[in-house]
Amino acid sequence: MSLFRRKSANLVEEATAPVTPEEDTSARPRGYTAAKGRETPKRPTAGRRPAAATKPLTKEEQRERRRQLRAEAASEFRREGGPRDRGPERLLARNVVDSRRTVGTWFFGGALVVLIGSNQAMPPVIQLASNILWGALAFGVIVDSILISRKIKKLVRERFPNTGQRMGSLYLYAIMRSITFRRMRAPAPRVNIGDPI
């Protein structure tokens, strides 16, 4: 049977023959595999980065590294914002809000005054004044939100007629930004108050 037949002498010699310099070329195709019985060629070391010996960090170094990474991430978020801040429509909405003074920036300060003034220990006059202030703040925020939304709608329709952005989410995005203190807004404002949009 041919299955158990001995190999001929020339096949054995060919398999054990050393590699000659003309056979050892570096210009082989990328998926080249050496013939059976020959030594597998070594991978080239040129262009490889040597494995750097890394020593384990101490607890203080790990803590400092984490603090540094957090500070970098916070700085990047302050500059660029997150995924919800991406897109030209969102940038336009931010610029509309940042180019004007909004009643919403006074909302939380006024809410604190109302909270203190509406305490039962306060005189009735102060309680009445705090309730009037609360109503005025709420009315001002509603009117301001309507004006911001109308301006955003007009500018988005002019500049981005084929936008896929939902207008309701854009309005809500702008309104939430308008009730945030200017210094705490992220991404940071790129326009000054009164700049044309």
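Given the structure is predicted, the values throughout are model-derived calculations rather than measurements. (Residues numbered from 1 in each chain as written. Predicted model: local features only at pLDDT ≥ 70, side-chain atom pairs only at ≥ 80, totals over all residues. Heavy atoms only, no water.)

**Student:** Explain the nonpolar core here, please?
**Tutor:** Side chains that are nonpolar tend, in soluble globular proteins, to be buried together. The biggest cluster of nonpolar side chains holds 13 residues, and the ones touching the most others in it are Ala93, Ile148, Ile152, Val156, Met167, Leu170 and Ala174. Going through the elements one at a time, helix 3 (88-98), helix 5 (124-159) and helix 6 (167-178) are the ones with two or more residues in this core. Residues within four places of Leu170 in sequence aside, it is in contact with Glu89, Arg90, Ala93, Ile152, Val156 and Gln165. (Core = buried A, V, L, I, M, F, W, Y, C linked by side-chain atoms within 4.5 Å. Buried < 20%, exposed > 50% of the residue type's maximum accessible area, 1.4 Å probe, protein only. Helix = DSSP H or I, 4+ residues; strand = E, 2+ residues; numbered from the N terminus. Contact = heavy atoms within 4.5 Å.)

**Student:** Teacher, can you tell me more about a nonpolar patch on the surface here?
**Tutor:** A grouping of Phe108, Phe181 and Met184 is seen on the molecular surface, where their side chains present a nonpolar patch of about 330 Å² in accessible area. Among the structural elements, Phe181 can be located in the segment after helix 6. Given the relative accessible area of 38%, Phe181 is considered partly exposed. (Patch = residues over 30% accessible without salt bridge, like charges linked within 9 Å, V, L, I, M, F, W, Y side chains within 5 Å. Areas by Shrake-Rupley, 256 points an atom, 1.4 Å probe, with all protein chains shown as cover. Salt bridge = Lys/Arg side-chain N within 4 Å of Asp/Glu carboxyl O.)

**Student:** When you look at unusual backbone geometry in this model, what are you seeing that I'm missing?
**Tutor:** A cis amide bond, omega -5°, links Ala186 with the succeeding residue Pro187. Position of Pro187 among the secondary structure elements: in the segment after helix 6.

**Student:** Please clarify how the packing of helix 3 against helix 5 should be interpreted in this entry.
**Tutor:** Packed helices, taken two at a time, are described by their axes: the angle between them and the distance between them. Contact pair helix 3 / helix 5: the axes reach a minimum separation of 10 Å and the direction vectors enclose 140°. Regarding the angle of helix 3 to helix 5, the classification is oblique. As helix 3 runs across helix 5, the sense of the crossing is right-handed. Residue-level contacts link Leu92, Ala93, Val96 and Val97 of helix 3 to Ile148, Lys151, Ile152, Leu155, Val156 and Arg159 of helix 5. Residues belonging to the contact of helix 3 with helix 5 are distributed by class as follows: eight nonpolar, no polar and two charged. (Axes fitted to C-alpha atoms, helices over the stretch in contact; angles between N-to-C directions. Parallel < 35°, antiparallel > 145°, perpendicular 65-115°, else oblique. Left-handed = near helix turned anticlockwise from the far one by under 90°. Nonpolar A, V, L, I, M, F, W, Y, C, P; charged D, E, K, R; others polar.)

**Student:** Just checking my understanding: could you explain helix 2 (residues 59-80) for this structure?
**Tutor:** For an α-helix, the turn length of 3.6 residues means that residues three or four places apart are oriented alike. With 22 residues, helix 2 extends 31 Å between its outermost C-alpha atoms, agreeing within 8% with the 32 Å of an ideal straight helix rising 1.5 Å per residue. Looking one or two residues beyond helix 2, the residue adopting positive phi is Gly81, at roughly 85°. (Expected span 1.5 Å × (residues − 1).)

**Student:** I tried to follow the packing of aromatic side chains on my own but got confused; where do I start?
**Tutor:** Pairs of aromatic rings are described using the distance from one ring centre to the other and the angle between the two planes. Counting across every chain of the model gives two aromatic pairs. Residues Phe107 and Phe108 carry aromatic rings whose centres are separated by 5.7 Å and whose planes lie at 75° to one another, so their mutual orientation is edge-to-face. Using a relative accessible area of 19% as the deciding quantity, one classes Phe107 as buried. With a centroid separation of 5.6 Å and an interplanar angle of 40°, the aromatic rings of Phe107 and Trp134 are classed as tilted. Of this pair, Phe107 sits in helix 4 (residues 107-117) while Trp134 sits in helix 5; the two residues are 27 residues apart in sequence, bridging distant segments of the chain. (Phe/Tyr/Trp six-rings, centres within 6.5 Å; stacked < 30°, edge-to-face > 60°.)

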